[in-house]
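Each chain, letter by letter, is given below.
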Amino acid sequence: MMKLLVSIALIAGASAHQNFHQFWVNDVSPGYQVGIRMPPSNNPVTDVTSNDIVCNVGGTSGTGVETVAAKAGDTIKVQWDSSTHPGPITHMLYGPVDSAASTSGVGAGWFKIDEQDYVDGKWANEIMEAVNMTHTFKLPTKLKSGEYLLRSEMLALHGSQTLGGAQISLPGAYNEDDSDIYIPDFYYGFDPTTYKAPGGNVATCA
Ligand SMILES: *[C@@H]1O[C@H](CO)[C@@H](O)[C@H](O)[C@H]1NC(C)=O
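Just so it is clear, the model here is predicted, and its values are computed rather than measured.

Quick rundown of the confidence of the model for the chain? Include the residues and the values.
Predicted confidence across the chain gives a mean pLDDT of 76, with 69% of residues reaching 70 or more. At the level of individual helices and strands, the chain shows its lowest average pLDDT in strand β1 (residues 2-10), which scores 52, and its highest in strand β10 (residues 134-138), which scores 95. Overall, residues 8-16 carries pLDDT values under 50, and its contacts beyond four positions in sequence, including any with other chains, amount to 56 contacts.

Which residues make up the sheet that holds strand β2 (residues 20-25), and what values go with them?
Strand order in the open sheet formed by 3 strands is β2-β5-β10, with antiparallel pairing between adjacent strands. Both outer strands of the open sheet, β2 and β10, are each paired with one neighbouring strand and no more. Pairs of neighbouring strands in the sheet enclose a mean axial angle of 20 degrees, with direction left out of account. In terms of strand pairing, β2 meets strand β5 (residues 75-80) through 5 bridges, oriented antiparallel. Bridging across to β5, tryptophan 24 finds its partner in lysine 77.

Mind laying out the pattern of salt bridges, listing which residues take part and the relevant values?
Applying the stated rule across the entire model yields 4 salt bridges. For lysine 71, the salt bridge is made with aspartate 74, and the minimal N-O distance between the two is 3.9 Å. Here aspartate 74 falls in the buried class, since its relative accessible area comes to 7%. Glutamate 115 is the partner of lysine 112 in a salt bridge, and the nearest nitrogen-oxygen pair spans 2.7 Å. The burial state of lysine 112 is the same as that of glutamate 115; both residues are buried. Each member of the salt-bridge network shares a partner with another, and the members are Lys112, Glu115 and Lys196.

I'd like to hear about unusual backbone geometry, residue by residue, with values.
In this chain, glycine 95 is followed by proline 96 through a cis amide linkage whose omega measures 0 degrees. Examined against the element boundaries, proline 96 turns out to sit in strand β6 (residues 89-97). Backbone geometry places aspartate 27, a non-glycine residue, at a positive phi of 70 degrees. Here aspartate 27 shows up in the loop between β2 and β3 (36-37). Even without being glycine, methionine 133 reaches a positive phi, approximately 60 degrees. Within the secondary structure layout, methionine 133 lies in the loop between α2 (124-129) and β10. By relative accessible area, which is 3% here, methionine 133 ends up buried.

Let's hear about the nonpolar core: which residues, and what values?
Core analysis: the largest hydrophobic core is formed by 21 residues, its most contacted members being Phe23, Ile76, Val78, Trp80, Ile89, Leu93 and Leu139. Those elements giving two or more residues to this core turn out to be β2, β4 (68-70), β5, β6, α2 and β11 (146-154). Grouped together as the second largest cluster of nonpolar side chains are 9 residues, Trp123, Ile183, Phe186 and Tyr195 included.

Describe the pairing of β5, with residues and values.
Burial along β5 is one-sided: the residues Ile76, Val78 and Trp80 are buried and none of Thr75, Lys77 and Gln79 is. Strand direction decides the pairing type here: β5 and β10, joined by 5 bridges, are antiparallel. When the bridges of β10 are listed, valine 78 appears paired with histidine 135.

Can you explain the packing of aromatic side chains? Please cite residues and give values.
Here the structure, examined in full by the defined rule, presents 6 aromatic pairs. Considering the side-chain rings of tyrosine 118 and tryptophan 123, the 5.1 Å spacing of their centres and the 65 degrees angle between planes classify their relative orientation as edge-to-face. Measuring from centroid to centroid gives 5.2 Å for tryptophan 123 and tyrosine 195, while their planes differ by 70 degrees, and the two rings are edge-to-face. Here the residue tryptophan 123 occupies a position in strand β9 (residues 122-123), and tyrosine 195 occupies one in the segment after β11, the gap between them amounting to 72 residues. The class for tryptophan 123 is buried, based on a relative accessible area of 5%. Three or more aromatic residues joined by ring pairs make a cluster, and in this case those are Tyr118, Trp123, Phe186, Phe190 and Tyr195. Here lysine 77 stacks its cationic end above the ring of tryptophan 24, 4.8 Å away from the centre of that ring.

How each quantity is defined
Residues numbered from 1 in each chain as written. Predicted model: local features only at pLDDT ≥ 70, side-chain atom pairs only at ≥ 80, totals over all residues. Heavy atoms only, no water. pLDDT = per-residue confidence, 0-100. Helix = DSSP H or I, 4+ residues; strand = E, 2+ residues; numbered from the N terminus. Contact = heavy atoms within 4.5 Å. Pairing = 2+ DSSP bridges. Axes fitted to C-alpha atoms, helices over the stretch in contact; angles between N-to-C directions. Salt bridge = Lys/Arg side-chain N within 4 Å of Asp/Glu carboxyl O. Buried < 20%, exposed > 50% of the residue type's maximum accessible area, 1.4 Å probe, protein only. Core = buried A, V, L, I, M, F, W, Y, C linked by side-chain atoms within 4.5 Å. Phe/Tyr/Trp six-rings, centres within 6.5 Å; stacked < 30°, edge-to-face > 60°. Lys NZ or Arg CZ within 6 Å of the ring centre and 35° of its normal.

See the structure below:
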């Protein structure tokens with residue numbers, strides 16, 4: 001048994017204003033905005049050096065936020081606000097930690113478990129729009145028991161033509177001029193089929 005506390009990892013792009021409100025473990029949801037470190041607003045965090053980039057403003061503590069049970073291999077479905085902003089969705093885990101509720105999530109220890117980039121002519125936000133802004137993936141089958149933070153991240157690449165326009169980082173992991181975050185020709189010749197979301201490869205189970 002593992003326990004999850006979901007950290008919302010919003011997104012950048014100066015005009016990206018979408019939040020993540022609900023998730024399901026094997027089709028059962030703990031409730032609307034339950035188990036999620038909700039930010040105070042839907043304003044994006046664009047400062048790569050801020051700890052707010054980890055779980056959004058005020059998100060370094062999950063005090064009072066319910067930790068939700070899940071098992072390795074379980075199916076997770078997340079639901080975001082509607083978005084017309086092109087970009088990928090990725091999921092990362094942080095842990096196991098002593099307490100998902102109290103860990104800040106700041107620093108090393110995040111690993112990517114899911115990624116959807118540009119598939120068959122569509123970005124993740126378009127693919128999700130067709131299924132009520134949901135995205136479904138599975139937890140790795142081999143996870144150590146314990147508590148984890150789950151990070152759901154949508155990157156809004158319409159802001160990628162400007163430095164500081166589309167970026168997200170667990171301070172230090174990404175740079176504002178990385179080629180997957182700063183894309184000056186995004187609407188002018190950039191080939192989206194070559195895009196790969198930041199954060200490295202999806203972790204594989206040994
Ligand atoms: C889409 O999601 C919303 C919010 O969870 C829900 O109220 C609505 O019933 C869903 N629509 C469909 C067609 O499932």
